[in-house]
Amino acid sequence: MRVEEKLYTLRYKRDDEPHLKIKNFDVCSRCEKEYGTPQPCISVCPANVYVWDGTRMVISYENCVECGACKIACPFNNIAWSFPRYGLGMSLRYG
């Protein structure tokens, strides 16, 4: 089964308050210059949460599978990551 098919089995209750935030968007520009495109957070994210539009990072936190890989991969510690509020966010369809 492909990753995309497995991601389709997840349910997500959208929270109006994002649980992912970029601390400083200028740091993402510096990361692009140092590490190239795609940046490390984009490369490791299995759910395509991060997109570089050429000038800034766009975050689709609704896609997040809450693995925390982006926070670990960011070489500048520029991602504020936390679990969504209780009862919101990702839930597994089969348990």
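Up top is the structure these notes are about.
Nothing here was measured: the structure is a model prediction, and the numbers come from that model. (Residues numbered from 1 in each chain as written. Predicted model: local features only at pLDDT ≥ 70, side-chain atom pairs only at ≥ 80, totals over all residues. Heavy atoms only, no water.)

(A) Structural detail: the overall build of the protein chain. Looking only at helices and strands, one finds four helices and six strands in the protein chain. Counting from the amino terminus, helix and strand elements in the protein chain follow one another as α-β-β-α-α-β-β-α-β-β. Relative to its full complement of 95 residues, the protein chain shows a buried share of 29%. Taking contacts inside the protein chain between residues at least 6 apart in sequence as the whole, the part at least 24 apart equals 66%. When the accessible surface of the protein chain is split by element, carbon and sulfur atoms take 53% of a total near 6300 Å². (Helix = DSSP H or I, 4+ residues; strand = E, 2+ residues; numbered from the N terminus. Buried < 20%, exposed > 50% of the residue type's maximum accessible area, 1.4 Å probe, protein only. Contact = heavy atoms within 4.5 Å. Areas by Shrake-Rupley, 256 points an atom, 1.4 Å probe, with all protein chains shown as cover.)

(B) Region of interest: the environment of serine 29. Looking at the secondary structure, you find serine 29 in helix α2 (residues 25–35). For serine 29, the contacting residues outside a window of four places in its chain are Trp52 and Thr55.

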